[in-house]
Amino acid sequence: EAGVTQFPSHSVIEKGQTVTLRCDPISGHDNLYWYRRVMGKEIKFLLHFVKESKQDESGMPNNRFLAERTGGTYSTLKVQPAELEDSGVYFCASSQLVIRGGTDTQYFGPGTRLTVL
Amino acid sequence: AQSVTQPDIHITVSEGASLELRCNYSYGATPYLFWYVQSPGQGLQLLLKYFSGDTLVQGIKGFEAEFKRSQSSFNLRKPSVHWSDAAEYFCVKAAGNKLTFGGGTRVLVKP
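Let us look at the structure shown here.

Reading the values: the criteria
Residues numbered from 1 in each chain as written. Chains lettered and ligands numbered in written order. Predicted model: local features only at pLDDT ≥ 70, side-chain atom pairs only at ≥ 80, totals over all residues. Heavy atoms only, no water. Salt bridge = Lys/Arg side-chain N within 4 Å of Asp/Glu carboxyl O. Helix = DSSP H or I, 4+ residues; strand = E, 2+ residues; numbered from the N terminus. Buried < 20%, exposed > 50% of the residue type's maximum accessible area, 1.4 Å probe, protein only. Pairing = 2+ DSSP bridges. Axes fitted to C-alpha atoms, helices over the stretch in contact; angles between N-to-C directions. Core = buried A, V, L, I, M, F, W, Y, C linked by side-chain atoms within 4.5 Å. Contact = heavy atoms within 4.5 Å. Polar contact = N/O pair within 3.5 Å; in protein donor to acceptor, adjacent residues only side chain to side chain.

**What to know about the pattern of salt bridges**
Residues and elements named next belong to chain A.
Working step 1: Under the criterion given, the structure shown has 13 salt bridges over all chains.
Working step 2: In this structure, the salt-bridge partner of Arg64 is Asp86, at a minimum N-O distance of 2.6 Å. In this pair, Arg64 is assigned in the loop between β6 (53-56) and β7 (65-68) and Asp86 in the loop between β8 (75-79) and β9 (88-95), connecting sequence segments 22 residues apart. Accessibility assignment for this pair places Arg64 and Asp86 in one class, buried.

**Section: the sheet that holds strand β3 (residues 19-24) of chain A**
Hydrogen bonds between backbone groups are what pair the strands of a sheet, and the pairing can be parallel or antiparallel.
Residue and element names in this part refer to chain A.
Working step 1: Taken in spatial order, the four strands line up as β1-β3-β8-β7 in an open sheet, and their pairing is antiparallel. Only two strands of the sheet have a single neighbouring strand rather than two, namely β1 (5-7) and β7. Neighbouring strand axes in the sheet, compared pairwise and without regard to direction, differ in orientation by 15 degrees on average.
Working step 2: As judged from the four bridges shared by β7 and β8, these two strands associate in the antiparallel manner. Among the inter-strand pairings, Glu68 is bridged to a residue of β8, identified as Thr76.

**Some points on the nonpolar core**
The tendency in soluble globular proteins is for nonpolar side chains to be buried side by side.
Working step 1: B:Trp35, B:Leu48, B:Phe74, B:Leu76 and B:Tyr89 are the most contacted members of the largest nonpolar core, which has 25 residues in total.
Working step 2: At the level of elements, β2 (10-14), β3 (19-21), β5 (32-38), β6 (44-50), β8 (64-68), β9 (73-78), β10 (87-95) and β12 (105-110) of chain B are the ones that each hand at least two residues to this core.
Working step 3: Setting aside anything within four residues of it in sequence, one finds B:Leu48 in contact with B:Leu33, B:Phe34, B:Trp35, B:Val57, B:Gln58, B:Gly59, B:Phe63, B:Glu64, B:Ala65, B:Phe74 and B:Leu76.
Working step 4: If you look at the next biggest cluster of nonpolar residues, it comprises 21 residues, including A:Val4, A:Met60, A:Ala82 and A:Val116.

**Let's talk about the side chain of A:Ser95**
Residue and element names in this part refer to chain A.
Working step 1: Structurally, Ser95 is set in strand β9.
Working step 2: By relative accessible area, which is 0% here, Ser95 ends up buried.
Working step 3: At 2.9 Å, the side chain of Ser95 forms a polar contact with the side chain of Tyr33.
Working step 4: What Ser95 contacts, discounting residues up to four positions off in sequence, is His29, Asp30, Asn31, Tyr33, Asp104, Thr105 and Gln106.

**Topic: the environment of A:Gly59**
Working step 1: If you trace the backbone, A:Gly59 turns up in the loop between β6 and β7.
Working step 2: Counting along the chain gives 23 residues from A:Gly59 to A:Arg36, while the straight-line C-alpha distance between them is 9.8 Å.

Structure, rendered in structure tokens:
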């Protein structure tokens, strides 16, 4: 069974440009998450999809970030326009179950390293 | 706010020696705890998890972790380290579906 995949693995862009990151979750996983790690900081939660709906987007830093999950399958995270502080590693994860009051194991992709110059 | 603390940023250990990574978490009624590892050039891999039950949890690659509610700790251990264990290790707490990560501990293995 294929794991969570992310594309691209690396992206180098200039400040002000737009970048779109893609995540393909494990097949059959309704939950999809985005996290990021900026230099020297902890990995932080960005948002959570259940199928195509945003369940929790409390970690999104500002309105330059737009996440979508068309048809409840793959997801994209667009940064427009990119700023220097957006540099870091963006991780995607997926989990199978939606457990009210509980949690389920999240499986992570390899991450996309974004560098904004 | 939920928090997870990993006091050691770096640990250097000799191959074959034992390893213990410390983790403390903020109080929670029912903590769901994980350890993930990120090897160089790789993604985050789940080592083990604690949801309930036996407080000593066995994971992959010979790792184990012990949940101690009284100390709010979930330390990771391995009796004998291999060179391939050189990586960054993350202690993680779940609150619902949102994960809170510790800062990570980078493990260097000396031959």
